[in-house]
Every structure is written in structure tokens, then in C-alpha cells.
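# Overview (structure and organization)
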Amino acid sequence: MAKTKTTFICQNCGSVYSRWQGKCDACGEWNTIVEENTSGGIGGGPQRGAARKGRPAALLPLSGEIEEAPRIVSGIGELDRATGGGIVRGSALLVGGDPGIGKSTLLMQAAAALARRGHRVVYVSGEEAVAQIRLRAQRLLAADTDVQLLAETNVEDILATLAEERRPDLVIVDSIQTLWSDLADSSPGTVTQVRAGAQAMIRYAKASGAAVILVGHVTKEGQIAGPRVVEHMVDGVLYFEGEGGHHFRILRTVKNRFGPTDEIGVFEMSDIGLREVSNPSELFLGERNASAPGAAVFAGMEGTRPVLVEIQALVAPSALGTPRRAVVGWDQPRLAMVLAVLEAHCGVRLGQHDVYLNVAGGFRIGEPAADLAVAAALVSSLSGSALPGDSVYFGEISLSGAVRPVAHAAQRLKEAEKLGFHQAVLPGISPDVPRSREMRTREVEALPDLVAIVAGGRASHDE
Ligand code: TYD
Ligand code: MG
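Since the structure is predicted, the reported quantities are computational estimates derived from the model, not experimental observations.

Reading the values: rules and limits
- Residues numbered from 1 in each chain as written.
- Chains lettered and ligands numbered in written order.
- Predicted model: local features only at pLDDT ≥ 70, side-chain atom pairs only at ≥ 80, totals over all residues.
- Heavy atoms only, no water.
- Helix = DSSP H or I, 4+ residues; strand = E, 2+ residues; numbered from the N terminus.
- Expected span 1.5 Å × (residues − 1).
- Buried < 20%, exposed > 50% of the residue type's maximum accessible area, 1.4 Å probe, protein only.
- Contact = heavy atoms within 4.5 Å.
- Phe/Tyr/Trp six-rings, centres within 6.5 Å; stacked < 30°, edge-to-face > 60°.
- Lys NZ or Arg CZ within 6 Å of the ring centre and 35° of its normal.
- Pairing = 2+ DSSP bridges.
- Axes fitted to C-alpha atoms, helices over the stretch in contact; angles between N-to-C directions.

### A look at helix H8 (residues 332-346)
In this model H8 runs 20 Å from its N-terminal to its C-terminal C-alpha over 15 residues, within 8% of the 21 Å that 1.5 Å per residue would give. Taken together, the buried positions of H8 are Leu335, Met337, Val338, Leu339, Val341, Leu342 and Cys346. Taken together, the buried residues of H8 touch strand E17 (325-328), strand E18 (353-359), helix H9 (371-383), strand E20 (396-397) and helix H11 (447-455). The first or second residue beyond H8 is glycine 347, which carries a positive phi of 65°.

### Focus on the packing of aromatic side chains
The tally for this structure, following the rule as stated, stands at 1 aromatic pair. A ring pair is formed by phenylalanine 240 and phenylalanine 267, whose centres lie 6.1 Å apart and whose planes are at 75°; its orientation type is edge-to-face. Placement of the pair is phenylalanine 240 in strand E11 (residues 236-241) and phenylalanine 267 in strand E13 (residues 264-270), with a sequence separation of 27 residues. An identical accessibility class is assigned to phenylalanine 240 and phenylalanine 267; each is buried. One Lys or Arg, arginine 412, reaches over the ring of phenylalanine 394 and ends 5.3 Å from the middle of that ring.

### A few points about the pairing of strand E16 (residues 305-317)
With 8 bridges joining them, strand E15 (residues 295-302) and E16 adopt antiparallel strand pairing. Residue pairing for E16: alanine 299 is matched across the bridge by leucine 308. Counted along the chain from E15 to the antiparallel partner E16, the turn is 2 residues long, and its residue glycine 303 has a positive phi close to 65°. Pairing geometry for E16 and E18, over 7 bridges, is antiparallel. Within E18, the residue paired with alanine 316 across the bridge is aspartate 354.

### Some details on the sheet that holds strand E7 (residues 121-125)
Spatial strand order, E8-E7-E9-E10-E6-E11-E12-E13-E14: 9 strands in an open sheet with mixed pairing. Strand pairing shows two members of the sheet lacking a second neighbour, strand E8 (148-151) and strand E14 (273-276), which therefore form its edges. On average, each strand axis in the sheet is inclined to that of its neighbour by 25°, with strand direction left out of account. Bridging between E11 and strand E12 (residues 248-256) involves 6 bridges; their strand directions are antiparallel.

### Observations concerning the environment of serine 175
With respect to the helices and strands, serine 175 occurs in the loop between strand E9 (170-174) and helix H5 (191-208). On the accessibility criterion, serine 175 (0% relative accessible area) is buried. Between the alpha carbons of serine 175 and glycine 96 there is a distance of 9.6 Å; along the sequence they are 79 residues apart. Residues within four places of serine 175 in sequence aside, it is in contact with Glu127, Val215 and His217.

Below is the structure:
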């Protein structure tokens, strides 16, 4: 009989230790290391039975026939965009996100949309009872579709059920945290079980040609076995995000073996489920008050799509010894850098001021191209003069105070023009960018140029 072996596994990142410790050295999380029994089974790695003689496999040349990955298209445009044009048959996708963000809602809507197009979809739920799922389906006006439900958490039973009937086109497993396999000895919800369950479902996808979507909760505390360990195993990872209190949600592609990453799908949560937002800029600019000082519109890019968002700054004299710096939706160190450059190269003194920066609508910007818009918002708030309502800003600021060009200038300008903006302040762009008569562009080479424009306080940035 195999000796029972216990190991200690971090439930956040899956690192293995031989003894317990309070903090995981690999990911830095506290109290995530749990004792697990990993003797034998999937979690125990390769079987330690009698050595099997290897079987030679065919070696193939790099060139040869390539099949276009066959995709199943849901017709929900924003979802198809995020998956790179549809879910690839035989692939496994992970949809991660905070609990309550709307993963089950999104996938139920996707399941219904696919079923309406004649695909066979099986929705496996280990979290909710059938009645609960039916209730949700009713709310989402999806109850009339022939999506098949399965309330089951044991992987072997799920696979046996799936083998009974015609192969489904898509299997949704909600969620991998509830899956458990007979082959792994640990308790459900641990990394070993999550990994074993996910592995079995992924193997099923590859073998049968059915697409599999795994749902995974991510908690900020990392207390529940994180889907992080599954990210390496699947073909694509989508994160469903949203800010508390805001009704829109973003489906972000983090990994995709069959398409581009950095793509986003935008949805709005309503009382009958998620609604597609095919023009996100309109949503993010919806409640804009163009005449208030401290607001600048940033022409950004999310993946292949231009997105306009409003950046709001509030600069106020500080009563504290160390002024406050608060940022929502952007990078704190990046703000510190912009403030330092404003101070060092433009003589804009903010050392005695509290600075608050907010990206409207709960959106998160990751691009350095937002630097110029942030600087414009800051200077506008400090000087108390509003920026022209029909102007957009983009450009990266370097420590020397230079404004550096960014990619996709033409696309950003086109989106701004489409939404009724007439001026843009931007870095010097290459001459091949088409200039339009509708759009007046002001090219700035260094940050002091921008400060001069903004502090001028004119209704228009015209010279
Ligand atoms: P859910 O899909 O259950 O989240 P997750 O599976 O990610 O945990 O959605 C949870 C929230 O969405 C819940 O607070 C209620 C809200 N919701 C709506 O606002 N409208 C709807 O039509 C539905 C179904 C849910
Ligand atoms: Mg759910």
C-alpha cells in the first residue's frame, strides 16, 4: 500500500511546502497554506505504479495543413469579441471574477443564446439548486430555450452524464470551486481538488471536441482556492470585472490561445440581466459635466477598440502635513510621477495640495497614454478654469517632461470625432496619420506646452 503522504499547499498560488508556514513565500499571501493529502490520484502527480514502457509518437514537421479553429458564435457581440470571434470547439475557457459580479448571469445568457442557435448546451451547477437556476433563467427571459441543467459536483458523475447523450457543443461548469473528484483525497474546494476537477474537464474538452467554460471565483483575500492554478491549464482566461456601485461590467481577455488578448467586452447590468454596450465611450461619457474644472476626456485604447473616458481631478489646499493623494481607476505611482514632472519642469506646485483623481464610471485605465489627460485635469482643477468641452487628450509623459507619442493615434482621433469632439491635444504624430478638417489637433512636445494651453483658460485651444 502506498504510504499516505501529506503536503502543504498554498490555496492561492498552488506552491507546495513540506511543512506548514504562515506566509507563502511564492505569492506573499498569509494563512493560505493548507495541509492536503496528495498520495496517489491526479493531485499526487504521475502515478507511482509499475514503470510503463513508453510508446513512440510520430514527429511532425512545422509546416503542413492548418485547420481554422472551428468556433461557436453566441451572437452576443461583446462576448464573441472577448473570446476572439467565438468559443473554439474542444477548448477550455476560464471565466473568473468576484462573487456576485454576474458570472452566472452572463453564462446563462450565453447558454440561452447558443441554444437558440441550435447548439446543445449543458449547464452544470454545483452552487445553486435547479429551482434557483430556473428562476434566474426566467428573469433573463431564457427559460424557453433548451439549455440542459445538471446539478452535480462530482466530476466522474458529470462526465458519465455527458457521455450518455449526444456530445454537447458547450459545457458550462459553475463553479470549479465546487467540483470534486474521487481520484483526489483532499476536501472539496482545495487546490488539489480544483486542479483535479479542472484537469478532468479540460481532458474531456480535448477528447470530445466540446467547448468547456469553467467559472471560478477570485477573492481578494485568496481564501478560496484560487483559479490561478487553473489559468495555466486552460486555453483562454476571461475576467469579469466591475466596480461596486456601478452597473456596468467588463469582460477582459487575459489569455487566449486562439485570438488576441487585451480585448474587452462591455456590459450593463439591468434587472433583466446583462445588456451589451457596443459603444462604451457613450456610456463612460454619459453623465459628463463639461463645464466643471478638473475634468479631461482621455482618448484611450482597450485592445483593438478606442474608448473615451473622463478623468476627473480635484486639487485642493491641504490642511495636513503630508497632503493626501487618492486615486481611483488609475495607477498611484503613475500619478506621483505626473505630479513630480509638473512640479520639476512646469513650476506647478502641488506639494501643499491634496490631490484626488478619479476615472469616471468606475473604469480602470492601464495605459501610460493617459498621462497627458491626467496632467490636463490636474492643471485645470488647480487653475479653476474648465477645459473646452469638445477636446480630448492623450500622450505619455516622460520624466524629462517630454510628451511621447503613443500607438493608434489615428484610431483615437477617429473615435473622438465620431463622438462629436472637435479638438485634440496630443504628442507630435507621424505625418501619415490622416488629418481631418473636423478635428483640430494641437501637438505638444513637452509638458510646459500643455500647461500653457490649459492655464490660458480659453474656451478653445485654438491659437
Ligand atoms: P450572479 O450572476 O449570480 O453573480 P456570480 O455568478 O458572479 O456570483 O449575479 C449576481 C448579481 O447580479 C446579484 O447581486 C443580482 C444581480 N442581477 C441583476 O441585477 N439582474 C439580473 O437580471 C440578475 C439575474 C442578477
Ligand atoms: Mg454564480
